[in-house]
Amino acid sequence: LGANQLATQNDFLDTGSACTAPLPGTGFVSATNPPAGGSVPITTTTLQVTFNQAMSTGAGSVLNLSNFDNKIRNLTIGADVNLLSVSYDGNSRTATLTIDTSDSDWRSGSNYRIRVKSSIANACGTIQGIDVDTTFSTLNSVSGFVKNDLDADGNLGDDDKGIYGATVQLSDGVCTLNVNCRIKTTDINGFYQFRDLPAGSYVIHQTDLPGYTSTADSDGGNANQIAVTISGVANIVNRVFLDTATSCTAPDPVKGFVVSTQPAHNQRLVSLATTVIKIQFNQAMYNDGGGSVLDIGKYHNNIDNLSLGGDVSFTSIDYDPKTFTVSLTLDTSDSDWRPGSWFEIRMDNGLDNACKTNQGVEVRHRFQTTTSVSGQVRLDVDGDGDLNDADPGIAGVKVELYDGVCTLGLDCASTTTNANGFYLFPFVRPGNYTIVENNLPGYTSTADTQGPNDDQIVISILPGALSNRNDFLDKTP
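Residues numbered from 1 in each chain as written. Predicted model: local features only at pLDDT ≥ 70, side-chain atom pairs only at ≥ 80, totals over all residues. Heavy atoms only, no water.

(A) Fine view of the overall build of the protein. For the protein, the helix and strand inventory stands at zero helices and 32 strands. In terms of overall size, the protein is more extended than a compact globule, its C-alpha atoms giving a radius of gyration of 36 Å where 477 residues would be expected to give roughly 23 Å. Taking the principal axes of the C-alpha coordinates as reference, the protein spans close to 100 × 90 × 40 Å. In the protein, which comprises 477 residues, the proportion classed as buried is 43%. Sequence-distant contacts, at least 24 apart, represent 65% of the contacts inside the protein between residues at least 6 apart. Accessible area for the protein stands at about 22600 Å²; split by element, carbon and sulfur atoms hold 47% of it. (Helix = DSSP H or I, 4+ residues; strand = E, 2+ residues; numbered from the N terminus. Rg over C-alpha atoms; globule rule 2.2 N^0.38 Å. Buried < 20%, exposed > 50% of the residue type's maximum accessible area, 1.4 Å probe, protein only. Contact = heavy atoms within 4.5 Å. Areas by Shrake-Rupley, 256 points an atom, 1.4 Å probe, with all protein chains shown as cover.)

(B) The arrangement of the side chain of N148 in detail. Here N148 lies in strand β9 (residues 140-148). Accessibility expressed as a relative area gives 3% for N148, which makes it buried. At 3.0 Å, the side chain of N148 forms a polar contact with the backbone oxygen of A354. When neighbours within four sequence positions are excluded, N148 is seen to be in contact with D160, K161, I163, Y212, D243, T244, A245, Y286 and A354. (Polar contact = N/O pair within 3.5 Å; in protein donor to acceptor, adjacent residues only side chain to side chain.)

(C) View of the sheet that holds strand β30 (residues 444-448). Judged by pairing direction, the sheet is mixed, and its four strands sit side by side in the order β28-β25-β32-β30 without closing on themselves. Looking at the sheet topology across the chains shown, the edges are occupied by β28 (422-428) and β30. When strand polarity is set aside, the average angle formed by the axes of neighbouring strands in this sheet is 20°. Note that strand β25 (residues 371-379) and strand β32 (residues 472-475) share three bridges and pair parallel. Pairing of V377 across the sheet is with F472, part of β32. (Pairing = 2+ DSSP bridges. Axes fitted to C-alpha atoms, helices over the stretch in contact; angles between N-to-C directions.)

(D) View of the state of the cysteines. In total, this model carries four disulfides according to the counting rule given. The residue that forms a disulfide with C175 is C181, at a sulfur-sulfur distance of 1.9 Å. Classification of the bridge connecting C175 and C181 rests on its S-S torsion, roughly 90°, and on that basis the disulfide is right-handed. One exposure class covers both C175 and C181, and it is buried. Paired by a disulfide, C406 and C412 hold their sulfur atoms 1.9 Å apart. For the disulfide bridge between C406 and C412, the dihedral angle about the S-S bond is near 90°, and by the sign convention the bridge is right-handed. For C412, a relative accessible area of 8% puts it in the buried group. Of note for the protein: the bonded cysteines, numbered N- to C-terminal, pair according to 1-2, 3-4, 5-6, 7-8. (Disulfide = S-S within 2.5 Å.)

(E) Fine view of the sheet that holds strand β12 (residues 191-197). The strand order across the open sheet formed by four strands is β12-β9-β16-β14, and the pairing between neighbours is mixed. Either end of the sheet is taken by a strand with one partner, and the two such strands are β12 and β14 (212-217). Here the average twist between neighbouring strands, direction ignored, is 25°.

(F) Fine view of the pairing of strand β22 (residues 325-330). Examined bridge by bridge, strand β19 (residues 276-281) and β22 share five bridges and lie antiparallel to one another. Bridging from a neighbouring strand, V276 pairs with T329 of β22. When strand β21 (residues 311-320) meets β22, the two strands line up antiparallel, connected through six bridges. Bridge pairing in β22 links S316 to T329. From the end of β21 to the start of β22, which pair antiparallel, there are four residues, and F324 there has a positive phi angle of about 60°.

(G) Just the nonpolar core, in detail. The biggest cluster of nonpolar side chains holds 48 residues, and the ones touching the most others in it are I204, F281, Y299 and I303. Excluding residues within four positions of it along the chain, Y299 makes contact with I279, F281, V293, F314, I317, V326, L328, R346, M347 and L351. Of all hydrophobic cores here, the second largest spans 26 residues; its members include V62, I72, Y88 and V116. (Core = buried A, V, L, I, M, F, W, Y, C linked by side-chain atoms within 4.5 Å.)

(H) Geometry of the pattern of salt bridges. Applying the stated criterion to the full structure yields eleven salt bridges. Between R73 and D80 there is a salt bridge, with its nearest N and O atoms 2.9 Å apart. The exposure class assigned to R73 is partly exposed, which follows from its relative accessible area of 28%. Residue D80 is classed as partly exposed on the basis of its relative accessible area of 26%. A salt bridge links R366 to E344; its shortest N-O distance comes to 3.2 Å. Remark: E344 occurs in strand β23 (residues 342-347) and R366 occurs in strand β24 (residues 363-369); sequence separation between them is 22 residues. (Salt bridge = Lys/Arg side-chain N within 4 Å of Asp/Glu carboxyl O.)

(I) Spatial organisation of the pairing of strand β8 (residues 132-138). With five of its seven residues buried, β8 lies for the most part within the structure. As judged from the two bridges shared by strand β2 (residues 39-40) and β8, these two strands associate in the parallel manner. Its bridge partner being in β8, S39 is matched across the sheet by S137. Pairing of strand β7 (residues 111-116) with β8, which is carried by six bridges, proceeds in the antiparallel orientation. Following the sheet pairing, V116 is matched in β8 by V132.

Quick look at the structure:
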């Protein structure tokens, strides 16, 4: 090739040389994965079809999803699951089909059909001429609910709400409970599910949460055990445990059901690195519908910045039913999450305990975030007192923070500069202070950020503000 030239139309022509007629019943299909009558986990994302000869990628293309009916059929419930894509490996003559596993009809314990359509063609352009179907199944599942039996009547037909966070285990007669049996935790609706189970006999075990006791289950008793047997392909559903709350007490007229918060009520010097607010209640709390402990609105969706106005939103909520503790995640990127500010958490009067009794009083807890004082001690190389020069830091310099009460050199807060000359006083309350630098032997001051070179900087820390860049310049003779 010469400069600025392209070599185009360098083509090859191949012809299908091993084409054979489609076989009665199986057409061009030699195998599938899963095989006919096989079972796969619900986590399976692809299916494979292998052909007995090279397949067309032109007319009747193996890369055309419509030649695989665009879907697989759920024969158990009579519904379809879409196929998202197809790829083809010409060396192994295998098509790989991607399942839309987000489809609600892709379920455990169902029979499915893959269909290779009559329109698919081999590399010689011969069409298959018949639809070739292969059936397989997804492995079985066992599911159900743990519910709050509010009236304690043991009636499984009542419209009882679920209990969040209950532990449910599945025993197969071989595993050891609490060690290696399958374990699930119920969701916000009290729902649990065990998937990908082979046929066999099992026992579902439920552990009562603190503050609850069993009243009934789908096995006819209240022993926290339900026996199930899976034969063939099946979903075992709606196996229910009923529990009732046994430790409900009346709310305190001031504190309601609230025991404590983290940060604690009236706590000062709370770090700005705090990301979660925790609230502990004195009993099991209701977790579904109105009055739910998991309703972020019951905490007014935020904490209020009482010092400056504004609020900081909660981004998520969780509840530990074993310790009766709520965890609320703060949006610490919010501009109202400020140092030195008083914040207020509000626990709504509409919060309910597990017996569906209202707290009846709004409980408010306050805390104050910390602020900090920082700066740098630098070597004034040319001795000109210019704070804008890029002078290096001085390590090991003692710096004290005088609050008007402590005694310098004795009991004032003190620190030393790091390798780059920086110092930091964390957890400082708003107020008036003097930063005092103690010159190292052989050093004298040339300037500081307040103007004179007296080794002192007077500061006033306001709520919502940090006091930084409090710098000193020193020189050597």
